[in-house]
Amino acid sequence: MSNRTDDARKRAQTARQILTVAQMRAAEQGLMDAGHDVHALMQRAGRGAGEWVRRLAAGRSVTVLCGPGNNGGDGYVIAQYLADHDVPVCVVAARPPQTDAARRARSLFAGEVREAGAALSQEGLPRGGVLVDCLFGSGLSRPLSDDLAALLGDLAAHHAMRVAVDLPSGVDADTGALLNEGLPEWTLTLALGAWKPAHFMMPACVTMGAVRLVDIGVEAMPGAAQVLARPVIAAPAPDAHKYRRGLLGIVAGAMPGATLLSAQAALRGGAGYVRLLTGGEAPSGVPAELVVSRGALPDLLADGRYGALLVGPGLGRDDAARAKLDVALASGLPLVIDADALVLLQPGLAGVNGLATRACVLTPHEGEMQVLEHNFGLSGEGDRPARAVALARASGAHVLLKGPCSVIAAPDGSVTMGSRASSWLSVAGSGDVLAGTVASRLAVTRDAGAAAAQALWLHSRAAERAGSAFTSGELAHAIGGALAEVLA
Ligand SMILES: NC(=O)C1=CN([C@@H]2O[C@H](COP(=O)(O)OP(=O)(O)OC[C@H]3O[C@@H](n4cnc5c(N)ncnc54)[C@H](O)[C@@H]3O)[C@@H](O)[C@H]2O)[C@@H](O)CC1
Ligand SMILES: Nc1ncnc2c1ncn2[C@@H]1O[C@H](COP(=O)(O)OP(=O)(O)O)[C@@H](O)[C@H]1O
Ligand SMILES: [K+]
């Protein structure tokens, strides 16, 4: 393989990593050890960000708000880059630079700097096209003081577009917490060197507008969380048949609507054959493509061809539901456990110990997560990625923790974070559609991590394709189109 291909692959991998503040410091140290200096990194980051700002400004004036640290240093580099490209630019220095690299960057900026403070009146504050926020980045350690919050708010209110560099000031990089009230909304946020957890966490991520990464050559960090990637899914092999493509069993329960929604999604998620497993009458509204198998669940599962089983949507929580979950656990099959089955899941149940030895995905929303944490004796402390990892380790299953920013955790502690999904997904039944999609991918791949990641991407993309005010049935139908987009 050529060096260039190797390099492109490496860059594609590092472009997906999400680094905490501590990991970013370690990565920065790695670059220093390799002979780079902070000044050079700041130049690279500032110029990369400057180019984004130049394009966005499209000739309009730019105001760069600079703080005391290296985020402020980036701001001076951006300002000089803009000046070099004939963009009208003015810097407001909220505080004087305090680091060597920031001082040097400021000394290299030949344009106008207005010092914030009592001497700078409201009239003296620039107004206009684009505000660039370089007040604080990953070094923010406490809420903005009142004067800084007021300055940031005022400038944001008087510029048509707003770009946050690395992170919006006032955001905690590791947790996505907003440390002040009333922080501005941003048009664009430019992550420098690597993504930070806050770019994918509520509530910060919804204030950031579009998010883009500026590459500064950071190496891959072992153990870093990853951004959910657009999957590549292979079409069925030329000699495929329905069983080899993946036979999925969906355990029917008390509420057929949810089960059928899962099945609608599963039918479009790539599995070759989807069966509804029911002990009683077939529910009304079963689509023609969905095969109904009637009988006692252990007998139905005696067919050795199942690739995966989905249990939970519409299951109910009574003794009959419990018994079905027991059978599903005892089957040893690759398993997706959702909805009611998550609430019934207990570490003491026979078969739960075996989750680590087979492909299994748990798909809780926040409420179900709390029940699982209680049942598995977990503290529930920490942020969502940490909580998902704790449950994955305790259960041996992959955990897809749903929400506006969904997270996938593996039992080995690795984390994948989804980008913000359409808020139209907040419709009853969209979780059933996700569960059906995960199960369909599991029947095909038999790989819990791959199935969870592919399905999360397909679900999110299906929502974009479905537009606005869609029903969960329409969402299920859009899964097929989303899958067609990512065929190898
Ligand atoms: N890590 C890297 O490899 C690179 C980092 N760069 C930039 O450096 C930034 C991090 O720089 P720093 O660590 O200097 O951090 P910041 O520039 O975010 O600011 C930290 C400084 O502000 C002080 N501070 C923190 N919160 C405060 C508050 N609420 N009010 C007043 N002062 C406060 C801190 O004590 C510290 O002096 C990144 O966000 C990025 O923009 C880039 O220059 C490129 C390379
Ligand atoms: N505000 C939102 N923004 C983005 N995605 C959302 C939002 N609310 C819910 N979702 C997604 O929609 C799905 C809802 O699942 P769930 O809560 O199980 O709903 P239901 O039980 O009604 O099917 C999940 O995939 C979740 O990630
Ligand atoms: K910033």
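Residues numbered from 1 in each chain as written. Chains lettered and ligands numbered in written order. Predicted model: local features only at pLDDT ≥ 70, side-chain atom pairs only at ≥ 80, totals over all residues. Heavy atoms only, no water.

> Before we move on, could you go through the sheet that holds strand β6 (residues 159-165) and cite the residues and values that matter?
Strand order in the open sheet formed by 7 strands is β4-β3-β2-β5-β6-β7-β8, with parallel pairing between adjacent strands. Two strands close off the open sheet at either side, each with one partner strand: β4 (113-115) and β8 (210-214). With strand direction ignored, the average angle separating the axes of adjacent strands in the sheet is 20°. Note that strand β5 (residues 128-134) and β6 share 5 bridges and pair parallel. Bridged to L131 within β6 is R162. (Pairing = 2+ DSSP bridges. Helix = DSSP H or I, 4+ residues; strand = E, 2+ residues; numbered from the N terminus. Axes fitted to C-alpha atoms, helices over the stretch in contact; angles between N-to-C directions.)

> Pulling in residues and values, what's your account of the coordination of the potassium ion (ligand 3)?
For the potassium ion (ligand 3), the full set of protein donor atoms is N71 (OD1), D133 (O), F136 (O), V165 (O) and L167 (O), and the range of their distances to it is 2.5 to 3.0 Å. Between the donor residues of the potassium ion (ligand 3), the gaps in sequence give the motif N-x61-D-x2-F-x28-V-x1-L. Of this pair, N71 sits in helix α4 (residues 70-84) while D133 sits in strand β5; the two residues are 62 residues apart in sequence, bridging distant segments of the chain. The exposure class assigned to N71 is buried, which follows from its relative accessible area of 9%. Using a relative accessible area of 0% as the deciding quantity, one classes D133 as buried. (Donors = N, O, S within 2.8 Å, 3.2 Å for Na, K, Ca; no water. Buried < 20%, exposed > 50% of the residue type's maximum accessible area, 1.4 Å probe, protein only.)

> With reference to specific residues and values, describe the sheet that holds strand β9 (residues 225-227).
Spatially, the 11 strands line up as an open sheet ordered β1-β9-β18-β17-β16-β15-β14-β13-β10-β11-β12, and their pairing is mixed. Two strands close off the open sheet at either side, each with one partner strand: β1 (17-18) and β12 (291-294).

> How would you summarise the packing of helix α14 (residues 430-445) against helix α16 (residues 472-485) if you had to cite specific residues and measurements?
Relative to each other, α14 and α16 sit at 35°, their axes nearing to 9 Å. The two elements α14 and α16 cross, and the hand of that crossing is right-handed. Across the interface between the two elements, S430, V433, T437 and R441 of α14 pack against S472, L475, A476, I479 and L483 of α16. (Left-handed = near helix turned anticlockwise from the far one by under 90°. Contact = heavy atoms within 4.5 Å.)

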